[in-house]
Amino acid sequence: DNMKARTIPAITGVMGFILGVILTPVFLAGQTPSSKIQGTLAHIAFAVHDVDKTAAAFEDIFGVEINPGFDVKGVAFPPSYGGATMNVRFAQFEANGVRFELLQPLDGPDDVRSPWKDFLEKHGEGVQHIGFYVDSTPEAREMLISKGGKWTQAAGPTMSYVDMDPVLPITFEVMQE
C-alpha cells in the first residue's frame, strides 16, 4: 500500500510533465525551441529497490501485463563515472502510449557506483531518467554537458546518459533510433 501511495503521485507528476512537454509548443504559436534535444520521447525510467514489486503495482494501476524483470550484467560506465561495470535488474512495458523502464541496481561491491544506486541513495525510488530519441547522440550529449550535465553512461556512440543535477533534478538519456 505504501508503494501505491508513492507510485500514484509519481506517475501523476510524470504525466503532467509529459503533457507540458507536448503542449508547450502549441502555446508558443509555432516558435521553435533553441534546444538541440529535439526528438521524440523514448521512455520514462524509474530507479527502484525491487523491480518485481514495482511492476506489480504498475500492473494493478494500469491494467497491463509486465514480463518478469531480467538481469543485465556488466553495464559499463564512462571514465567520468569511474569506468566501472554494474549489474541491473530491468523490466520495461508500455501503458497509455508511454514506454516505462524499471531499473534495480543489483548487489555489488560498496565502492562500485552506478547512477541507479546514487539516485536511490539521494532521492529514494522515483523517476531516474527520461529517454529521448535524437538525431545525433554525441551532439546532444555535448550540449547537455555544456549546460552543466555530467556524462554518466554510454552504450557505444548511439546512447548516452547525462545527469543534469544540480541544474535539473533529472538525468536525460539521449539516443538514436
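Everything below is about the structure printed above this text.
Reference entry: report on the structure contained in this document.

Criteria and thresholds
Residues numbered from 1 in each chain as written. Predicted model: local features only at pLDDT ≥ 70, side-chain atom pairs only at ≥ 80, totals over all residues. Heavy atoms only, no water. 1 Å grid on protein atoms, 1.4 Å probe; cavity = no way out; pocket = protein on both sides within 12 Å on 5 of 7 lines; lining within 4 Å. Points joined across faces, edges and corners; volume = space filled by probe spheres on them. Helix = DSSP H or I, 4+ residues; strand = E, 2+ residues; numbered from the N terminus. Nonpolar A, V, L, I, M, F, W, Y, C, P; charged D, E, K, R; others polar. Pairing = 2+ DSSP bridges. Axes fitted to C-alpha atoms, helices over the stretch in contact; angles between N-to-C directions. Contact = heavy atoms within 4.5 Å. Expected span 1.5 Å × (residues − 1). Buried < 20%, exposed > 50% of the residue type's maximum accessible area, 1.4 Å probe, protein only. Arc of directions from axis to C-beta. Polar contact = N/O pair within 3.5 Å; in protein donor to acceptor, adjacent residues only side chain to side chain. Salt bridge = Lys/Arg side-chain N within 4 Å of Asp/Glu carboxyl O.

Side note on the layout of surface pockets
1) Next: A volume near 220 Å³ is recorded for the second largest pocket.
2) Next: Lining the second largest pocket are 14 residues, and of these Phe119, Lys122, His123, Asp163 and Asp165 sit closest to its centre.
3) Next: Taken together, the elements giving at least two residues each to the lining of the second largest pocket come down to helix H3 (115-123) and strand E6 (150-154).
4) Next: Of the residues forming the lining of the second largest pocket, the biggest block, five residues, is contributed by H3.
5) Next: Split by residue class, the lining of the second largest pocket holds five nonpolar, four polar and five charged.

What about unusual backbone geometry?
1) Next: Residues Asp165 and Pro166 are joined by a peptide bond in cis, for which omega reads 15 degrees.
2) Next: With respect to the element layout, Pro166 can be found in the loop between strand E7 (159-163) and strand E8 (171-175).
3) Next: Of note, the phi angle at Asn96 is positive, near 55 degrees, even though the residue is not glycine.
4) Next: Within the secondary structure layout, Asn96 lies in the loop between strand E3 (85-95) and strand E4 (98-105).

Structural notes on the environment of Ser114
1) Next: Structurally, Ser114 is set in the loop between E4 and H3.
2) Next: In this structure the C-alpha to C-alpha distance between Ser114 and Asn87, which are 27 residues apart in sequence, comes to 9.1 Å.

Quick notes on the sheet that holds E8
1) Next: Across the sheet, which stays open at both edges, the eight strands sit in the order E2-E3-E4-E1-E5-E8-E7-E6 with mixed pairing between neighbours. The open sheet is flanked by strand E2 (70-76) and E6, the only strands paired with a single partner. Recorded for the sheet is a direction-independent mean angle of 30 degrees between the axes of neighbouring strands.
2) Next: In this fold H3 packs onto strand E1 (40-47), E2, E3, E4, strand E5 (126-133) and E6, with an angle of close to 140 degrees to the strand it touches most, E5.

A closer look at the side chain of Thr137
1) Next: Looking at the element boundaries, Thr137 is found in helix H4 (residues 137-146).
2) Next: Not counting residues within four places of it along the chain, the set of residues in contact with Thr137 comprises Pro157, Thr158, Met159, Ser160, Val174, Met175 and Gln176.

Describing the pairing of E3
1) Next: Pairing geometry for E2 and E3, over five bridges, is antiparallel. Residue pairing for E3: Asp71 is matched across the bridge by Arg89.
2) Next: Pairing analysis gives eight bridges linking E3 to E4, with the strands arranged antiparallel. The partner of Arg89 across the bridge, within E4, is Gln104.

Quick look at helix H2 (residues 51-62)
1) Next: Spanning twelve residues, H2 covers 16 Å between terminal C-alpha atoms, matching the ideal 16 Å at 1.5 Å per step.
2) Next: Within H2, the full set of buried residues consists of Val51, Thr54, Ala55, Ala57, Phe58 and Phe62. Looking straight down H2, one finds that the buried residues subtend no more than 160 degrees of arc, so they occupy a single side.
3) Next: One side-chain oxygen of the residue at the start of H2 lies 3.1 Å from the amide nitrogen of Asp52, identifying that residue as Asp50.
4) Next: Note on H2: the residue one or two positions beyond its end, Gly63, has a positive phi of about 65 degrees.

What about the pattern of salt bridges?
1) Next: Using the criterion set out here, one finds five salt bridges in the structure.
2) Next: Note that Asp52 and Arg89 form a salt bridge whose closest N and O atoms lie 3.4 Å from each other. Taken as a pair, Asp52 in helix H2 and Arg89 in strand E3 lie far apart in primary sequence, 37 residues in all.
3) Next: Residue class for Arg89 comes out buried when judged on its relative accessible area of 18%.
4) Next: Within this structure, Asp52, Asp71 and Arg89 form a network of salt bridges that share partners.

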